[in-house]
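Geometric and topological summary
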Amino acid sequence: MKFRLFLLTLLVPVFISCNDKPEPKPEPTPATITIISSNDVTVEEGQTSEIIASTNSSGAVTWTSADESVATVSSTGTITGVSAGNTTITVKVEAVEDLFTAAEATVNVTVTAPEIPEDVYADAAPEVKDGDVVLACNADVEKFLTDVHYNNHD
């Protein structure tokens, strides 16, 4: 009987340790970022545009501009054109321990200068050049045009 009890005290811990293996941790799911709006954005100086993106991860999302002198980006993906040029906006999602890996995506941004309509200068008076004859209806303007002379003619 003592031998059986002795044998049992030796085998029970072995049996428990064999069955007490921790289960392997599952691999984290690869995070994805999908740019819904467009991977190429054009915005005018001083104007804004939205980048719409989605992710399968619960990690924190950050937005950064490669060149903030060309375009800035808010924490929600709103781009503001600063000056004409090209830059890249990067959206990143952080890894979530044991659940998701990190991921990133980029959007190409072109900032254009505002267009000035051609007809803005249509009603402008022609440039007055040296030797031109002008009608001055104001005595002070006539005096200035006839009496003022610049040495370098600028």
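Please refer to the structure higher up on the page.
Now for a quick tour of the structure.

1. Describing the overall build of the protein chain
Across its full length, the protein chain carries two helices and nine strands. Along the protein chain, helices (α) and strands (β) appear in the sequence α-β-β-β-β-β-β-β-β-β-α when read from the amino end. By residue count, 20% of the 154 residues in the protein chain fall in the buried class. Sequence separation of at least 24 residues holds for 58% of the intrachain contacts in the protein chain that already meet a minimum separation of 6. Accessible surface, the protein chain as shown: approximately 12100 Å² in total, 56% of it carbon and sulfur.

2. Some details on the sheet that holds strand β2 (residues 40-44)
Reading across from one edge, β2-β9-β8-β5 is the order of the four strands in this open sheet, with mixed pairing throughout. Taken across any chain shown, the strands that pair with only one partner, and hence form the sheet edges, are β2 and β5 (61-65). Each neighbouring strand pair of the sheet contributes to a mean axis angle of 25 degrees, computed without reference to strand direction. Bridge analysis of β2 against strand β9 (residues 103-112) gives five bridges, and the strand direction is parallel. By the bridge assignment for β9, Val43 is matched with Val111.

3. Focus on the sheet that holds strand β3 (residues 48-50)
The strand order β3-β7-β6 describes an open sheet built from three strands, whose pairing is antiparallel. The open sheet has two edge strands with one neighbour each: β3 and β6 (71-73). Averaged over neighbouring strand pairs, the angle between their axes works out to 25 degrees when direction is ignored. Bridge count between β3 and strand β7 (residues 78-81): three bridges; the pairing is antiparallel. Across the sheet, Thr48 pairs through a bridge with Thr80, a residue of β7.

4. Some thoughts on the side chain of Thr87
Of note, Thr87 is situated in strand β8 (residues 85-93). In this structure the side chain of Thr87 is engaged in a polar contact, spanning 3.0 Å, whose partner is the backbone nitrogen of Asp67. If near-sequence neighbours (up to four positions away) are discounted, Thr87 is found in contact with Ser65, Ala66, Asp67, Val70, Ala71, Val107, Asn108 and Val109.

The rules behind the values
- Residues numbered from 1 in each chain as written.
- Predicted model: local features only at pLDDT ≥ 70, side-chain atom pairs only at ≥ 80, totals over all residues.
- Heavy atoms only, no water.
- Helix = DSSP H or I, 4+ residues; strand = E, 2+ residues; numbered from the N terminus.
- Buried < 20%, exposed > 50% of the residue type's maximum accessible area, 1.4 Å probe, protein only.
- Contact = heavy atoms within 4.5 Å.
- Areas by Shrake-Rupley, 256 points an atom, 1.4 Å probe, with all protein chains shown as cover.
- Pairing = 2+ DSSP bridges.
- Axes fitted to C-alpha atoms, helices over the stretch in contact; angles between N-to-C directions.
- Polar contact = N/O pair within 3.5 Å; in protein donor to acceptor, adjacent residues only side chain to side chain.

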